[in-house]
Structure formats: C-alpha cells, structure tokens
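Residue strings, one per chain:
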Amino acid sequence: AFASDRRDGRQVARLLQDADDGTAREVVIEAENFSRKRDSASHQWVAGASSLTASPDDGTVYQKPGFLADAARTDYFIQFSTPGYYHLWVYGAGTDAGSDSCHFSFDGEIAEGLDNVTLTRTGTPAWSNTAGEGNTLGVWVRSPGMHVLSLHMAEDGATVDKMILTLDFEYNPATHPVPVTPT
C-alpha cells in the first residue's frame, strides 16, 4: 500500500517540447513532487522545503535486488511522447560514504545502470549522472505513453532535490540552465 497517491494533473510530469520541431527533449522532476510514496518498515523519504531525505539516518543500506520490494520509494508518473534513450541526471548529496547513494527503477523493473546512483559526499547538492560502477545513468523508453520512474532508498541520509531525463547525450545541467517543467 502506498502512503499517498497524488495523481492529479499537477503531479504528472510531462516532457518539455522543443520549440523548433515539437519533439520532447527533457523533463525536470522536483523530488518532493512525487506522484506516489511507499515507506518501508523502518524508513521513509521525508520532504523538506525543496528535496527528499531518506530518514532516519541510522546506517541502513538497501542493495539490489531487495531494494525494489523493500526500500522506501517515491514514484513519478511521466507522460512520454517520444520514445528513445533518456539520460538521467540527479541533483542531490550525502554527508559521508554511508549516505551518498540512491537507486532508481523504471516501470517497476530494475533498469541496468539505475542502481547505486552516486551522489556527492560534501553535504552540498551537485549534479550526478553516474552509478557506483561508473556507468552513465539512463533508461530506454520503448513506447510513448505513461511510464513510472521510481526513486528508492539505497543509503539513509541521502538527499535528492531533482532529476532530469533528457534525450540529449551532451546535456549537462551543471553548465546549462535547468528548464522548469510546467505544472
């Protein structure tokens, strides 16, 4: 059972349209604007002013494949109009090696390369698009329509502010302005 289900129009992320040809290019998701939330037996994603933190910070770690069923998670319903390979960027932080990662799944499945997402350990959020093995984050969207990106707790204490999915391999939110997704 889910702790909340906010599937109204404001909570469904839609891909931004490129002004030139109408092709969807990217979506920006604010972590605290989840569509649905599921707490674990002992942990939850706690919403702050503009981010989510895996709490309480007591040293708990969820690994693959158990995180899919057991870890606290938030779901984001996304209406895709353009299939393709979407690169994932995550803006977040941990305060040490025990709080610097999270996992993602797509449509309820562990997507290769979306687990063990590495965050900065400085406590100051930064953009990341790599997993613990050094893989670039991304997911294949095979068909247009509604899909679900899920954020799962890996290590408690991790904080996630926002995520970007983009078709643009060269896009880097650290050097380009982050677009705002209309609500």
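Because the structure is a prediction, the values reported are computed rather than measured.

About the criteria used
Residues numbered from 1 in each chain as written. Predicted model: local features only at pLDDT ≥ 70, side-chain atom pairs only at ≥ 80, totals over all residues. Heavy atoms only, no water. Salt bridge = Lys/Arg side-chain N within 4 Å of Asp/Glu carboxyl O. Helix = DSSP H or I, 4+ residues; strand = E, 2+ residues; numbered from the N terminus. Buried < 20%, exposed > 50% of the residue type's maximum accessible area, 1.4 Å probe, protein only. pLDDT = per-residue confidence, 0-100. Contact = heavy atoms within 4.5 Å. Polar contact = N/O pair within 3.5 Å; in protein donor to acceptor, adjacent residues only side chain to side chain. Core = buried A, V, L, I, M, F, W, Y, C linked by side-chain atoms within 4.5 Å. Lys, Arg positive; Asp, Glu negative; His and termini not counted.

Trainee: Would you mind going over the pattern of salt bridges with me for this structure?
Mentor: Between side chains of opposite charge, pairing is possible as soon as their charged atoms come close. Evaluation of the coordinates by the stated rule reveals 6 salt bridges. In this structure, R36 engages D75 in a salt bridge whose closest nitrogen and oxygen atoms are separated by 2.9 Å. In this pair, R36 sits in strand β5 (residues 36-38) while D75 sits in strand β8 (residues 73-80), placing the two residues 39 residues apart along the sequence. Among the residues examined, D75 registers a relative accessible area of 0% and is labelled buried. With a closest N to O distance of 2.9 Å, D75 and R73 form a salt bridge. Summarising the burial analysis for this pair, D75 and R73 share the class buried. One network of salt bridges, in which partners are shared, links R36, R73 and D75.

Trainee: What should I look at first to understand unusual backbone geometry in this one?
Mentor: Outside of glycine, negative phi angles account for most residues, and trans bonds account for most peptide bonds. Following S55, the chain continues to P56 via a peptide bond in cis, the omega torsion being 0 degrees. The topology assignment puts P56 in the loop between β7 (52-55) and α1 (67-70). The omega angle of the peptide bond from K64 to P65 is 0 degrees, so this bond is cis rather than trans. A positive phi is found at D107, a non-glycine position, where the angle reads about 55 degrees.

Trainee: Can you help me understand the confidence of the model for the protein chain in this one?
Mentor: Any residue range with low pLDDT should be treated as having predicted coordinates unsuitable for detailed reading. Across the protein chain, pLDDT averages 84, with 84% of residues at or above 70. For the protein chain, strand β1 (residues 4-5) is the element with the lowest average pLDDT, namely 40, and β7 is the one with the highest, namely 95.

Trainee: Even after reading the chapter, I still don't get the environment of G92, so can you show me in this structure?
Mentor: Following the sequence through the fold, G92 ends up in strand β9 (residues 84-93). Taking the C-alpha atoms as reference points, G92 and L119, 27 residues apart in sequence, are found 6.0 Å from one another. Excluding residues that lie within four positions of it along the chain, G92 makes contacts with L119, T120, T124, P125, A126, T159, V160 and D161.

Trainee: It is not clear to me how the environment of G48 should be interpreted in this structure. Could you clarify?
Mentor: Mapped onto the elements of the fold, G48 is located in the loop between β6 (44-47) and β7. Exposure remark for G48: the relative accessible area of 42% places this residue in the partly exposed category. Placed 111 residues apart in sequence, G48 and T159 show a C-alpha to C-alpha distance of 9.5 Å.

Trainee: Sorry if this is basic, but what is going on with the environment of L149 here?
Mentor: With respect to the helices and strands, the residue L149 is situated in strand β14 (residues 145-153). On the basis of relative accessibility, which here comes to 1%, the residue L149 falls in the buried class. Through-space distance from the C-alpha of L149 to that of F104 is 7.0 Å; in sequence the pair is 45 residues apart. The contacts of L149, once residues within four sequence positions are left out, are I29, T74, D75, Y76, I78, L88, F104, S105, F106 and L165.

Trainee: Looking at this structure, how should I read the side chain of S99?
Mentor: Within the fold, S99 resides in the loop between β9 and β10 (101-106). What makes S99 buried here is its relative accessible area of 1%. For S99, the side chain forms a polar contact with the main-chain nitrogen of T95, separated by 2.8 Å.

Trainee: Would you take a moment to explain the nonpolar core for this structure?
Mentor: Soluble globular proteins tend to pack their nonpolar side chains together in the buried interior. In this structure, L88, V90, F104, V160, M163 and L165 are the most contacted members of the largest nonpolar core, which totals 35 residues. Apart from the residues within four sequence positions on either side, M163 is in contact with V27, V28, I29, A31, Y76, L88, W89, V90 and F104. Listed in part, the 5 residues of the second largest apolar core include V28, W89, W127 and I164.

Trainee: Would you mind going over the side chain of D161 with me for this structure?
Mentor: With respect to the helices, strands and loops of the structure, D161 is situated in strand β15 (residues 159-166). Look at D161: it is buried, it has no salt bridge, and the nearest opposite charge is K162 at 4.1 Å. Beyond its immediate stretch of four places on either side in the chain, D161 contacts I29, E30, A31, E32, S50, S51, Y91 and G92.

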